[in-house]
4 protein chains.
Amino acid sequence: MKPDVGISVPSKADRKSRMEGTKVNVSGITVGGSEFIVIAGPCAVENKDQLFETARSVKSGGARILRGGAFKPRSSPYSFQGMGEDALKLLSDIRKETGLPVVTEVMDTRQVELIASYADMLQVGSRNMQNYPLLKEVGMSKKPVLLKRGMMATLEEFLLAAEYILNQGNDQIILCERGIRTFETSTRNTLDLSAVPMLKHLTHLPVIVDPSHGTGLRWMVPSLAKAAMAVGADGLIMEVHNNPEAALCDGAQSLSLEEFALLMTDLKKISMAIDREFGNF
Amino acid sequence: MKPDVGISVPSKADRKSRMEGTKVNVSGITVGGSEFIVIAGPCAVENKDQLFETARSVKSGGARILRGGAFKPRSSPYSFQGMGEDALKLLSDIRKETGLPVVTEVMDTRQVELIASYADMLQVGSRNMQNYPLLKEVGMSKKPVLLKRGMMATLEEFLLAAEYILNQGNDQIILCERGIRTFETSTRNTLDLSAVPMLKHLTHLPVIVDPSHGTGLRWMVPSLAKAAMAVGADGLIMEVHNNPEAALCDGAQSLSLEEFALLMTDLKKISMAIDREFGNF
Amino acid sequence: MKPDVGISVPSKADRKSRMEGTKVNVSGITVGGSEFIVIAGPCAVENKDQLFETARSVKSGGARILRGGAFKPRSSPYSFQGMGEDALKLLSDIRKETGLPVVTEVMDTRQVELIASYADMLQVGSRNMQNYPLLKEVGMSKKPVLLKRGMMATLEEFLLAAEYILNQGNDQIILCERGIRTFETSTRNTLDLSAVPMLKHLTHLPVIVDPSHGTGLRWMVPSLAKAAMAVGADGLIMEVHNNPEAALCDGAQSLSLEEFALLMTDLKKISMAIDREFGNF
Amino acid sequence: MKPDVGISVPSKADRKSRMEGTKVNVSGITVGGSEFIVIAGPCAVENKDQLFETARSVKSGGARILRGGAFKPRSSPYSFQGMGEDALKLLSDIRKETGLPVVTEVMDTRQVELIASYADMLQVGSRNMQNYPLLKEVGMSKKPVLLKRGMMATLEEFLLAAEYILNQGNDQIILCERGIRTFETSTRNTLDLSAVPMLKHLTHLPVIVDPSHGTGLRWMVPSLAKAAMAVGADGLIMEVHNNPEAALCDGAQSLSLEEFALLMTDLKKISMAIDREFGNF
């Protein structure tokens, strides 16, 4: 039996309440089951060509869910804030073509209904991990929720944020480690891979990793993606762009289409070493 | 001339755009002027007696603005979440009696209008410092805004959050240092008093300090309050309760009525040593 | 070409000065070459039986170097401080039997000569990463040095510490990531696996990982060990004890002999997936 | 009675063992008594003129103890490492003239005897706070010790480091808060002024503050020095240089002679407001 680690786990998130683990069904794709799931796509939807080319490529590379920002939380009011509903429409169009379910971020309680009408899964970003009205609202929406760890949040707080959603009757939650803020400045954040086995121990919810935000550096993403698989994550979410140098946001951490495809073949080998299903491509 | 400190200050928040500094007018009380302003009151409004007794006492002790939570952001969904609009009504009633303007927290874009109809100043809490839709909404409200630093926000991000509000045409913003998250666990947070002279250097906005959240420990509040005055802050916001032991939230860090009154007389002496106006009580 | 990451790398540690990488020869075992090297053994040497049983077991499990503390840096003066020279003698004896080279920690400039007369590699611990007289002394000793990252040290400072040793003419240095201090408290430290690809990018020195100190929790060590291999480390150092429950130090993070053997077979599979040599056992 | 703060205080450092507090006698100057003590001087002794001019000036400004580095711990092996014993001789000479006791840093166990033969107080720097052999050695030396908090040391670890010295029979220890490492980068460190009341609560040892290292910025030193006095410290240690622009180390954070004198007159006013003795100048 594993020892107590001094974290008070809220009741509905507690693994003890569901030892077999929760499977999250994203329009037919199961996260938290036997298969390791990769979510990929651009930081932000910029235009039809960028999105469609990227989506087709990540699909053929083995991605199972498409990501793409429509409403972007940006530190500066002067940065590109996303295409809004136009982006949602493009995401919806490419889903029809590729069959890939779509996840996109929601930042405002007033947007939940609109975004839920387009997306297959709602993302609550790091900056909103403790935005309680938003957590309640996505909890009521009954859509699966991708909940990212706040860059300043302890695992206990992370689980309490999930509990806000669970407490509305929605248990379709995927937790995402995406790097925490530390004193180290050579990487954008410090990816806390220990969080994966710790969360798997504490809660029944599936756990994925975002090595793109976790490092902020494209060339480091493959190494950390492999480590995330080896450490026991249920999947990955990664930023991929058909032309990273020209990206309107997060270009420095976005994989090119080729880099993504190459990484997926490396991940395939590791998946076999750890006996985890990983698509058939 | 002071040297560059490597922070990129956004244009509207930049001190260079208004060397004389911004004065924030909270229904007749000026923050950022010659007077050192104390904001005090309970963490949360719990009932009429608690609020009224506390408000009368902090007023006679020298407080100039009343604080009191109506909608509370709590880490756990099972903690007391505030009295909501009933609290707003009580705050409005005691304002009539005491003349103290009222500041209370807003967490949801959908609440801004309601809360603005009762309060003299809107507080955006630490957890919402990067809730951009909320920043835009309070920016449009034209009410003064008390913006608290995120517990893991850099000063650059803090200024960018203020810029979101400024960018909506609202320059009535008070910045509040309230402790940051560090490795040290003996205090709830680590109060970063260096942030005060640094912010005063970088921006024209007034800066106050919250030693209650900054320490989490009632007995430490007076020492840090005095330090905040000495370091050059424009004011303080402190939690005061007529019966801290029985408080529904933050009792451990709330001053009793007597402790508050005693602290104010100590602050009076320091205000004279540093040539800062400080009420007449 | 990889982009600049804003770190000023000192000249002798800089990868650009030796693109092919440095191989460290620990009495015949090469770290930084094609083989992934595991260093294992007890936190502290406690007695002959404990050391010998553990050493024989890790050797048969595939470890290539034996660790064991003789002089222990302990936070409290009242904790077990190590067996001193008696431990060095025992380490020397078991080396004769097993053929495993020995690494042990040195804390005091005055001990370097004594410890170097017994050990195959000198360890400079986290707390001494910026103990410059000690760095100079081990630099002059010409023994290989296992330099652990300070729990508070940036990668830039880590490389500067290595530069102190290099500057004495000793290039036989293995860098070890062993967890940094962050706000997260559920693990003893936060293992910073991003440090591995970053260090491999910046310097020619080999890099290993210590998942025992990095997590502080025995049951998490295997997950992080696998992640460390997948992320690209040149090896691991792990605490193993023949009876962890009774260990005089770090029992909570020490693997049992069985856990170690099991982990090694899992690592073997991953080594094949990433095309890295890994013993023959 | 103050509540428990979850820190396990070692027995000899515990305030409960000496409620009245410890007075440290530095060759006639008492730290931890009724008088607020200022220690001032250059980061490093560079030459006779620099040291003597600075020492004379800080003495006339009200400093009671002279600081000056002879052996300097520098992050890079290529930075100025101090004048060594020549600096000790100069410090000794200017002590004769001014009567100011001298504190200087010791980094190596082998230097303790030499430095103790010149200095009135031994400084153990941040990087060596957990250098246990050094702590034991200064504990045996019977000289007063100025122990600086490690830049990432918890208060519990800080007290345990002091316990190493106390455990050798030396209770003449001054604790110094000098800034901790956090995610904030606009200042060199984050000065943790909460540490002062917390340490005064937990231990009987006197506590002083170093606003020079705490901020790294000359223009911020006066604000934080005043705050340190207001928060309840027993004194300050500050870097002062007769020509900061030309300083061989820490020029950016060194006060000029004029700035120091001006600050001392401001501190005088605050000392009266808080009823603390502060020289007669």
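In this text, all values refer to a predicted model and were calculated from it rather than measured experimentally.

Participant: Now, about the interface of chain A and chain B: what can you tell me, with residues and values included?
Facilitator: Counting residues at the interface gives 23 residues for chain A, matched by 23 residues for chain B. Contributions of two or more residues to the side of chain A that touches chain B are made by α4 (132–141) and α5 (155–166) of chain A. The element best represented in the side of chain A that touches chain B is α5(A), accounting for four residues. A class-by-class count of the residues in the side of chain A that touches chain B yields ten nonpolar, seven polar and six charged.

Participant: Describe in detail the relation of the copies chain D and chain B, supporting the description with residues and values.
Facilitator: Rotating chain D by 180° and translating it 0.0 Å along the rotation axis places it on chain B, where the RMSD comes to 0.0 Å. In the structure described here, the two chain copies are related by an operation that fits a two-fold rotation axis. Nearest to the rotation axis, the C-alpha of A227(D) is located 2.1 Å from it, this being the minimum over chain D. The fraction of interface residues of chain D whose copies in chain B are also interface residues reaches 97%, indicating that both copies meet through the same surface.

Participant: Go over the sheet that holds strand β5 (residues 102–105) of chain C, please, and point to the residues and values.
Facilitator: Residue and element names in this part refer to chain C. A barrel is described by the order of its strands in space; here eight strands give the closed sequence β3-β4-β5-β6-β7-β8-β9-β10, paired in parallel fashion. Ignoring which end each strand starts from, the neighbouring axes of this sheet average 25° apart. Relative to the sheet, helix α1 (residues 48–61) contacts β3 (37–41) and β4 (65–67), its axis offset from that of β3 by approximately 160°.

Participant: Summarise the interface of chain D and chain B; cite the residues concerned and give the values.
Facilitator: On the side of chain B, 36 residues touch chain D, which itself brings 37 residues to the contact. Within the residue set of the side of chain D that touches chain B, elements represented by two or more residues are α6 (195–202), α8 (221–231) and α9 (257–273) of chain D. Ranked by the residues each element gives to the side of chain D that touches chain B, the list is headed by α8(D), at seven residues. Residues of the side of chain D that touches chain B, tallied by class, amount to 21 nonpolar, eleven polar and five charged.

Participant: An account of the relation of the copies chain A and chain B is requested, with residue identities and associated values reported.
Facilitator: Here chain A sits on chain B after a turn of 180° about the axis and a move of 0.0 Å along it, with an RMSD of 0.0 Å. The residues that chain A uses at the interface reappear at the interface of chain B in 100% of cases, marking a shared surface.

Definitions and limits used
- Residues numbered from 1 in each chain as written.
- Chains lettered and ligands numbered in written order.
- Predicted model: local features only at pLDDT ≥ 70, side-chain atom pairs only at ≥ 80, totals over all residues.
- Contact = placed C-beta atoms within 7 Å.
- Helix = DSSP H or I, 4+ residues; strand = E, 2+ residues; numbered from the N terminus.
- Nonpolar A, V, L, I, M, F, W, Y, C, P; charged D, E, K, R; others polar.
- Least-squares fit on C-alpha atoms with pLDDT ≥ 70 in both.
- Pairing = 2+ DSSP bridges.
- Axes fitted to C-alpha atoms, helices over the stretch in contact; angles between N-to-C directions.

Just geometry here; none of it tells us what the structure is for.
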